[in-house]
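Here are the chains, one letter per residue:
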Amino acid sequence: MKINFEHHQTAHCENGVASNLLLNRGLKLSEPMIFGIGSGLFFVYLPFLKVNFAPGFSYRPMPGAIFSKAAKRLGIKIKRQKFSNPQEAQKALEKNLEQNIPTGLQVGVFNLTYFPEEYKFHFNAHNLVVYGKEDGKFLISDPVMDFATTLSETELEKVRYAKGALAPKGHMYFPTHIPENVNLEEAIKKGIKDTCKNMLAPVPIIGVKAMRWVAKSIPKWAEKKGTKVTNHYLGQLIRMQEEIGTGGGGFRFIYGAFLQEASVILKNDELKELSKEITAIGDLWRDFAVDIARVYKNRNSKSDIYNKLSKSMLHIADLEEAFYKKLRKAI
Amino acid sequence: MKKQDIPQDESNLQSANMTEMLYVTDENNNYTTAQSIGWEAKKAALDESMELINERIEEARQNVANNLVSPIVYFMELNKMDMQVLAAYVNMWQWTVKRHAKPKTFKKLSDSTLKKYADAFDISVDELKNFNGK
């Protein structure tokens with residue numbers, strides 16, 4: 001069985017799954033729209049949580065949050081299910097497919113056979129859509145891939161039951177109700193307000209304040225933990241920033257595209273200007289990644305390089321703070 | 001980022017025939033999307049992380065050979081796991097896994113316990129038992 005489902009590649013997996021699933025049900029919303037309405041821009045720093053032997057940084061909210069928030073703001077209902085028994089999970093998925101329901105899944109990346117070796121980590125918050133089953137293989141639309149792929153029953157079970165932090169436990173989801181008239185204007189405004197609130201939160205581990213904490217920690221790592229550890233931490237920072245689906249620069253560009261679309265829908269020219277501003281900030285995030293990459297190459301780099309990186313990141317944090325303050329006023 | 005500035009650097013994506021999609025602006029400053037085959041800065045971070053993993057695997061192999069740790073540690077590193085992830089896969093407490101990481105305790109483990117580890121590493125019990133790091 002094969003459901004008529006259009007695979008569209010997107011920049012980020014969760015927006016992509018959401019946008020593709022909604023399109024299948026006749027609601028056409030771009031990836032940036034889902035991202036903006038679902039308040040996808042985020043930053044969190046968890047210095048005591050170690051991921052891949054480095055502190056936890058994330059440029060994205062909790063997995064599932066973007067789609068859940070977007071759905072709530074648009075009046076869409078999503079059904080989410082988890083299963084303790086893998087066989088039941090497979091049965092429920094197959095039942096959905098029989099009823100012509102393309103279904104979103106949360107999966108672990110480590111055992112995704114079609115990914116390049118370097119991308120296979122124990123990261124459990126990836127998303128994809130299953131849209132059919134042919135010759136014993138599930139038909140997979142993974143939004144970060146250029147093309148649709150397949151996974152065998154065993155392969156799919158492995159990724160649905162990946163273990164460790166954020167274990168998916170067979171998590172599957174699909175929209176059950178889409179309102180006839182969606183109030184896009186209201187949803188956009190709510191999404192923007194929430195993003196500004198998070199990024200300007202008066203908490204040291206979230207938003208602009210968390211960026212500053214990381215920035216100030218860079219020279220301290222170098223002093224206390226040495227070059228090798230510091231470079232690894234910085235590497236983790238770039239990977240969280242620019243790897244498929246997560247993002248610093250990449251996310252700013254998606255947000256820029258969102259603001260551009262939003263300026264037309266809300267007839268608000270200021271948003272168009274702010275779109276340009278966040279695009280410029282995105283460029284700075286990418287320059288920052290290039291600077292970090294340069295540190296690896298010249299291993300015996302001067303000691304003030306870490307101070308320079310720290311300053312660049314503080315500068316970005318300042319610009320972002322100003323940006324969110326303007327954005328909050330613009331709507 | 002402007003469409004014409006999009007990096008097209010050789011990367012790990014090619015091994016899987018992948019490209020990635022990016023949001024970029026065109027000549028009129030309007031957003032559009034474009035494909036990239038890779039970006040050097042990102043590749044450098046991935047390479048560094050792979051290098052670190054390979055160092056850890058090699059160190060674990062030597063430690064097994066010198067009878068300092070049990071084969072569990074080697075296969076854990078080989079599968080890019082840490083104690084927390086491994087403990088979740090074998091459904092045991094982390095401190096239990098830590099004990100099993102000692103060669104002495106490892107030798108006394110029952111086949112059913114070893115089977116749990118072997119399954120987590122996708123190898124046979126014999127492969128796990130007989131790995132000596134040499």
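Attention in this report is confined to the structure presented alongside it. (Residues numbered from 1 in each chain as written. Chains lettered and ligands numbered in written order. Predicted model: local features only at pLDDT ≥ 70, side-chain atom pairs only at ≥ 80, totals over all residues. Heavy atoms only, no water.)

## Side note on the overall build of chain B
Okay, step 1: Counting secondary structure elements, chain B contains seven helices and two strands.
Okay, step 2: Element order for chain B, N to C, with α for helix and β for strand: β-β-α-α-α-α-α-α-α.
Okay, step 3: Relative to the globule expectation of 14 Å for 134 residues, the C-alpha radius of gyration of chain B, 22 Å, shows a markedly less compact shape.
Okay, step 4: With the principal axes as the frame, chain B shows a C-alpha extent of 70 × 30 × 25 Å.
Okay, step 5: Going through the 134 residues of chain B one by one, you find that 53% of them count as buried. (Helix = DSSP H or I, 4+ residues; strand = E, 2+ residues; numbered from the N terminus. Rg over C-alpha atoms; globule rule 2.2 N^0.38 Å. Buried < 20%, exposed > 50% of the residue type's maximum accessible area, 1.4 Å probe, protein only.)

## A look at the interface of chain A and chain B
Okay, step 1: The interface of chain A with chain B comprises 50 residues on the first partner and 41 residues on the second.
Okay, step 2: Between chain A and chain B the total buried area reaches about 4100 Å² when both faces are included, carbon and sulfur atoms providing 60% of it.
Okay, step 3: Linking chain A with chain B are three salt bridges.
Okay, step 4: Its salt-bridge partner being Lys158 of chain A, residue Asp122 of chain B comes within 2.9 Å of it at the nearest N-O pair. (Contact = heavy atoms within 4.5 Å. Buried area = accessible area lost by both parts, 1.4 Å probe. Salt bridge = Lys/Arg side-chain N within 4 Å of Asp/Glu carboxyl O.)

## Structural notes on the packing of helix H7 (residues 207-242) of chain A against helix H10 (residues 305-330) of chain A
Residue and element names in this part refer to chain A.
Okay, step 1: It is the contact of H7 with H10, at a shortest axis distance of 8 Å, that shows an interaxial angle of 160°. Considering their axes alone, H7 and H10 lie roughly antiparallel with respect to each other. Crossing hand, H7 versus H10: right-handed.
Okay, step 2: For the contact of H7 with H10, the residue count by class is 15 nonpolar, five polar and five charged. (Axes fitted to C-alpha atoms, helices over the stretch in contact; angles between N-to-C directions. Parallel < 35°, antiparallel > 145°, perpendicular 65-115°, else oblique. Left-handed = near helix turned anticlockwise from the far one by under 90°. Nonpolar A, V, L, I, M, F, W, Y, C, P; charged D, E, K, R; others polar.)

## Points about a positive patch on the surface
Residues and elements named next belong to chain A.
Okay, step 1: A surface patch of like charges, here positive, comprises Lys50, Lys216, Lys220, Lys224 and Lys225.
Okay, step 2: Top contributing element to the positive patch by residue count: H7, with four residues.
Okay, step 3: Here Lys50 lies in strand S1 (residues 44-51).
Okay, step 4: Note on Lys50: relative accessible area 43%, which makes it partly exposed. (Patch = residues over 30% accessible without salt bridge, like charges linked within 9 Å, V, L, I, M, F, W, Y side chains within 5 Å. Areas by Shrake-Rupley, 256 points an atom, 1.4 Å probe, with all protein chains shown as cover. Lys, Arg positive; Asp, Glu negative; His and termini not counted. Charge placed at Lys NZ, Arg CZ, Asp CG, Glu CD.)

## A few points about the sheet that holds strand S8 (residues 172-177) of chain A
All names here are of chain A.
Okay, step 1: Taken together, six strands build an open sheet; the order of strands is S3-S8-S4-S5-S6-S7 and the sheet is antiparallel. Of all strands in the sheet, those bounded by a partner on one side alone are strand S3 (77-81) and strand S7 (149-152). Between one strand axis and the next, the sheet turns by 40° as a mean value, whatever way the strands run.
Okay, step 2: Examined bridge by bridge, S3 and S8 share five bridges and lie antiparallel to one another. Bridge assignment links Lys77 to a residue of S8, and that residue is His177.
Okay, step 3: Here helix H1 (residues 13-24) sits on the sheet and contacts strand S4 (103-107), strand S5 (126-134), strand S6 (137-141) and S8; the angle it forms with S5, its principal contact strand, is near 40°.
Okay, step 4: Against the sheet, helix H4 (residues 86-98) touches S4, S5, S6 and S8, its axis set at about 65° to S5. (Pairing = 2+ DSSP bridges.)

## Describing the side chain of Arg212 of chain A
Residue and element names in this part refer to chain A.
Okay, step 1: Among the structural elements, Arg212 can be located in helix H7.
Okay, step 2: Exposure remark for Arg212: the relative accessible area of 18% places this residue in the buried category.
Okay, step 3: Sequence-distant contacts of Arg212, that is, excluding residues within four places in its chain, are made with Leu314, Ala317, Asp318 and Glu321.

## Thoughts on the pattern of salt bridges
Residue and element names in this part refer to chain A.
Okay, step 1: Overall, the coordinates contain 21 salt bridges over all chains when judged by the stated rule.
Okay, step 2: Here Glu117 ties to Lys120 by a salt bridge, and the two come within 3.6 Å at their closest N and O atoms.
Okay, step 3: Under the relative-accessibility criterion, Glu117 is labelled partly exposed at 44%.
Okay, step 4: Residue classification places Lys120 among the buried positions, given a relative accessible area of 14%.
Okay, step 5: Overlapping salt bridges, with partners in common, bring together Arg212, Asp318, Glu321 and Lys325 in one network.

## Section: empty space enclosed by the protein
Residue and element names in this part refer to chain A.
Okay, step 1: Evaluated as defined, the whole model comprises four cavities of 30 Å³ or more.
Okay, step 2: For the second largest cavity, the calculated volume is near 60 Å³.
Okay, step 3: Among the elements of the structure, H4 and helix H5 (153-160) are those that each provide at least two residues to the lining of the second largest cavity.
Okay, step 4: No other element matches H5, which puts four residues into the lining of the second largest cavity. (1 Å grid on protein atoms, 1.4 Å probe; cavity = no way out; pocket = protein on both sides within 12 Å on 5 of 7 lines; lining within 4 Å. Points joined across faces, edges and corners; volume = space filled by probe spheres on them.)

## Some remarks on the pairing of strand S2 (residues 54-58) of chain A
Residue and element names in this part refer to chain A.
Okay, step 1: Counting buried positions along S2 gives five out of five residues, so the element sits mostly inside the fold.
Okay, step 2: Pairing analysis gives five bridges linking S1 to S2, with the strands arranged antiparallel. Following the sheet pairing, Tyr45 is matched in S2 by Phe57.
Okay, step 3: Turn length for the S1-S2 hairpin, with the two strands adjacent in sequence and antiparallel, is two residues, and the turn residue Asn52 shows positive phi of about 50°.

## Concerning H1 of chain A
Residue and element names in this part refer to chain A.
Okay, step 1: With 12 residues, H1 should cover 16 Å at 1.5 Å per step; its first-to-last C-alpha distance of 16 Å lies within 8% of that length.
Okay, step 2: H1 sits mainly inside the fold: 10 of its 12 residues count as buried.
Okay, step 3: Along H1, the positions that sit buried rather than exposed are Cys13, Glu14, Asn15, Gly16, Val17, Ala18, Ser19, Asn20, Leu21 and Leu22.
Okay, step 4: Downstream of H1 by a residue or two, Gly26 has a phi angle that is positive, lying close to 90°. (Expected span 1.5 Å × (residues − 1).)

## Points about the layout of surface pockets
Okay, step 1: Each pocket or cavity is described by its volume, and for the largest pocket that value is around 990 Å³.
Okay, step 2: Along the wall of the largest pocket there are 42 residues; nearest its centre are Val51, His122, Phe123, Leu166 and Met240 of chain A.
Okay, step 3: At the level of elements, S1, S2 and H7 of chain A together with helix H3 (83-90) of chain B are the ones that each hand at least two residues to the lining of the largest pocket.
Okay, step 4: Counted by class, the lining of the largest pocket contains 24 nonpolar, 11 polar and seven charged residues.
Okay, step 5: Volume-wise, the second largest pocket comes out at about 620 Å³.

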